[in-house]
Amino acid sequence: MKVDQENRIVYRWSLALAGLTFPLIWLGGLVTTHDAGMAVPDWPGTYGYNLFLYPLSTWLFGPFDLLVEHGHRLLASVVGLMAIILCFIAWRCESRGWVQRLCWLLLLAVISQGLLGGIRVLLDERVVALIHGVGGPLVFSLACWIVMVNSRDWKVANSNLNVSGLRWITRALFLISICQLVLGAHLRHALPTWQPTLFVSFVHTHLLLALMITLCIFLSAILVFFRPYRAHRELRLPAMLLVGIVIAQVALGLGTWITNYALPWPELNAFFANYTIAGRGFWESMIINGHQATGSLLIVFSLWLLCRIERRCVASRFANISIQNEVTEVIAGNRTNPVLAGPGVS
Amino acid sequence: MTATKSFTISTAEAYTLIVVLAFLLAGCSKPVFSPNRLATAAFLQSHEAPSIEEISISANNLTNQLFGTPDAPLWPESLDQVVDFDGVKRSAGPVGRAHDRVERGLYRKHCVQCHGITGDGAGPAAILLAPYARDFRRGTFKFKSTPIGSKPTKADLIHTIEHGIAGTSMPAFAPLRNRDEFAKDIEAVTEYVIYLSIRGEVERRLIRSATGDESQLTIQDALKEAAIVVDTWKQADQKVQAVPSIPTLDRDSLAASVARGKELFNSDKTACFKCHGTEGRGDGISQDYDEWTKDWTIRAGIDPASKSEWKVMKKFGALKPVVNRSRNLHLGAIRGGHSVETITKRIVLGIDGTPMPSAAIGEASPNSLKSEELADLVRFVASIANVKQTEEMTQGTSVAHHAGGRDES
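How each quantity is defined
- Residues numbered from 1 in each chain as written.
- Chains lettered and ligands numbered in written order.
- Predicted model: local features only at pLDDT ≥ 70, side-chain atom pairs only at ≥ 80, totals over all residues.
- Contact = placed C-beta atoms within 7 Å.
- Helix = DSSP H or I, 4+ residues; strand = E, 2+ residues; numbered from the N terminus.
- Nonpolar A, V, L, I, M, F, W, Y, C, P; charged D, E, K, R; others polar.
- Axes fitted to C-alpha atoms, helices over the stretch in contact; angles between N-to-C directions.
- Parallel < 35°, antiparallel > 145°, perpendicular 65-115°, else oblique.
- Core = buried A, V, L, I, M, F, W, Y, C linked by C-beta atoms within 7 Å.
- Buried ≥ 20, exposed ≤ 12 C-beta atoms within 10 Å, placed from the backbone.
- Expected span 1.5 Å × (residues − 1).
- Arc of directions from axis to C-beta.
- pLDDT = per-residue confidence, 0-100.

A. Layout of the interface of chain A and chain B. With 43 residues of chain A at the interface, the matching set in chain B holds 43 residues. Looking at the side of chain A that touches chain B, the elements with two or more residues in it are helix H4 (97–123), helix H5 (126–149), helix H8 (196–223) and helix H10 (270–274) of chain A. Counted by class, the side of chain A that touches chain B contains 30 nonpolar, seven polar and six charged residues.

Shown next as structure tokens:
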């Protein structure tokens, strides 16, 4: 019981960390939206000050780009600190070696992100900003993965799914979402030296992948209600949430296009013809940022669905083998009291 | 039995690889002012001439000697200071603040995605825009208070940047005025746009003289051309043309004026109907192109409607020619400004670089529009474009085709 409580500490701390990573991504998105990456010319300090000692009044009431960039750095430092503590907690409380290693990997990823952010500032290079922009949602996904493997569902899941159609769809969904993230980062951080044809190819591929992601999500959402998946009601929540997220994401994507490059077919009607983009407008920024942040959510929710399926598929390396063995033993009459939610299940 | 050798990579190695890759990639994005190969090919009327590269690079180098680079702009001492160079320096270079906390790189922050580093209207997103982003290098600007062929005033450019252009990808940067630290960004960007335009036009003029002359271009040639271009910008304020004000009328007089305006609209005297259609829905017979497209197509002996012909210029950065469609006035989106005053300006001054001509105004010549006729025409256009003219019109009358109205002037 004590071990179980300790295990919940890993879960809760990683949940807090993941919860804080999402606003960090949002803030990072604001940095890109407002081109504030170089609002502070030095790193790791801020205008010669230690990061944590920069005057509060100058930060909060100074230029907007400085507010966003310095805030992003401060929040990133907190996330970094939490990742260090998570490693310590996992080392003390987590019995599964691979989960411990996952925590170390998260720490390494957070440090790498910090370094990439620093390199971006010191070299003043947008290419590094692009890589940093891709790294953010991946770190968020990693943090969420640690939450998922410490969740109750991971422990109690029954690995008795012998078919893997949905598993492959979800795997494809997760991989395409990552590709979509890379493409989206290319569109967000497009270099001024790029040829228009290159940018167009990115846009077209981004649209194609968006279509594939939408299809995968709707297919998954339908399949979870049919045999053999319908017995696993836990699959429904992530699948349904993904449907909501993808609808919001498509709408935000369209909004992002409109706020950046105007409505398509401006001659269609008077509203379209009279629409003027507000450069650096508040709502425009929120839409663009929302699209980027919802993209990260889409990756994480795909991973959530994937985790739940992988845990339930007999063929998966993440199958809940020990529980399955125990269940098999019970069925065979060798055991009478299987522990279905024991700690340290690997 | 041979041992199978597998390639593995440790976490540390992968990490090092990523960091090295980041550094390597970092060096490949240095922006430069690219040579105007399209203009060179167009002036030579050839897409295969070996001299295209030589001439365009020579002109580019000379222009760079005079005007510097995107990161370090220069202004020749011998030229009149028609731009506020502090604004140019603030807009140039990469985005960010130095230790003096002054924000720089405004052009790359706000404009470069569409207008490109060189101001050639070929930024990364250019193909996707309709209409295409403006190429500043020709020195031609559409919406201004000066006649066709003249440069715009700074106030004209500031107005366009601040208010944007409805129905196009040109945003209104007015929200920048809401914060003190960005309040003067629009003026600074305007200076940089003029700088890019002058630089690009000097380069074009050098190319044109090099294609008609065998002798080598020199820095003196560049300075001479620069002085000519700068002089045209200097004269802009003096060339501002006042347009007659259109008096407001009561309901019945307005109805009569609009009816006369419609007749004029469909007459051979104005020939508006040829492009805008008889009802002003932009469905006339004209299939014309703008001057930026004509430069490298029709004037270079290329049919812009024939893909096999124009695609030979793609390698020089040409974008697909698009027919300059006349405005459907009923949509209410008058790009030059949605007010009686700006409609008058567009009729009197025309829209430079497009098939929209300027109208001759005068009382003597039968071919010129008399003041009353101009007023009738403006009122007709304003009525179908839902532009507020009098109190009566806003209440919904049989005169205006649409009820309501607005005035953004």
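B. Quick peek at the packing of helix H10 (residues 251–265) of chain B against helix H15 (residues 371–384) of chain B. Residues and elements named next belong to chain B. The interhelical angle for the contact between H10 and H15, taken along N-to-C directions, is 95 degrees, at an axis separation of 7 Å. The angle between the axes of H10 and H15 places the two elements in the roughly perpendicular class. Residues Leu254, Ser257, Val258, Arg260, Gly261, Lys262, Leu264 and Phe265 of H10 form the contact with H15, whose own contacting residues are Glu373, Ala375, Asp376, Leu377, Arg379, Phe380 and Ser383. Of the residues belonging to the contact of H10 with H15, the class tally is seven nonpolar, three polar and five charged.

C. Expanded view of the nonpolar core. Among the nonpolar cores identified, the biggest contains 141 residues, and Leu106(A), Ala143(A), Cys144(A), Ile146(A), Leu303(A), Val189(B) and Tyr192(B) are the most heavily contacted of them. Looking at which element gives the most residues to this core, the answer is H5(A), with 15 residues. Setting aside residues no more than four positions away along its own chain, Leu303(A) makes contact with Ser141(A), Cys144(A), Trp145(A) and Phe174(A). Counting residues in hydrophobic clusters, the runner-up holds 29 residues, among them Ile165(B), Leu374(B), Leu377(B) and Val387(B).

D. Looking closely at the environment of Pro147(B). Residue and element names in this part refer to chain B. Relative to the helices and strands, Pro147 is located in the loop between helix H6 (112–115) and helix H7 (154–163). For Pro147, a count of 14 C-beta atoms within 10 Å translates into the label partly exposed. Along the primary structure Pro147 and Leu349 are separated by 202 residues, whereas in three dimensions their C-alpha atoms are 5.2 Å apart.

E. A look at unusual backbone geometry. Here the amide bond leading from Arg227(A) into Pro228(A) is cis, since omega sits at 5 degrees, within 30 degrees of zero. With respect to the helices, strands and loops of the structure, Pro228(A) is situated in the loop between H8 and helix H9 (236–261). You will see that Asp35(A), though not glycine, has its phi angle at about 50 degrees, which is positive. Of note in the backbone geometry, Gln45(B) takes a positive phi value of approximately 55 degrees without being a glycine. By secondary structure assignment, the location of Gln45(B) is in the loop between helix H2 (37–44) and helix H3 (51–67).

F. Structural context of the environment of Leu75(A). All names here are of chain A. Summarising the element assignment, Leu75 is placed in helix H3 (residues 64–93). With 31 residues separating them along the chain, Leu75 and Pro44 place their C-alpha atoms 14 Å apart. Non-local contacts of Leu75, meaning those with residues more than four positions away in its chain, are made with Pro23, Leu24 and Leu27.

G. Highlighting H3(B). Residue and element names in this part refer to chain B. Helix length check: H3, at 17 residues, gives a terminal C-alpha distance of 24 Å against a target of 24 Å (1.5 Å per residue), a fit within 8%. For H3, the full list of buried residues reads Ile52, Ile55, Ser56, Ala59, Asn60, Leu62, Thr63, Leu66 and Phe67. Each buried residue of H3 sits inside an arc of 165 degrees when the element is viewed along its axis, so together they form one side. Contact partners of the buried residues in H3: H2, helix H8 (185–211) and helix H9 (219–234). Taken from the residues just after H3, Gly68 is the one with a positive phi, measuring 75 degrees.

H. Local environment of H4(A). Spanning 27 residues, H4(A) covers 38 Å between terminal C-alpha atoms, matching the ideal 39 Å at 1.5 Å per step. In the stretch just after H4(A), Asp124(A) is the one whose phi turns positive, near 50 degrees.

I. Quick peek at the confidence of the model for chain A. Residue and element names in this part refer to chain A. The share of residues in chain A with pLDDT of 70 or more is 90%, and the mean pLDDT across the chain is 87. Averaged pLDDT values for the elements of chain A fall to 52 in helix H12 (residues 321–331) and rise to 96 in H8. A low-confidence stretch, residues 334–346 stays under pLDDT 50, and its non-local contacts, those more than four residues away or across chains, total 22 contacts.

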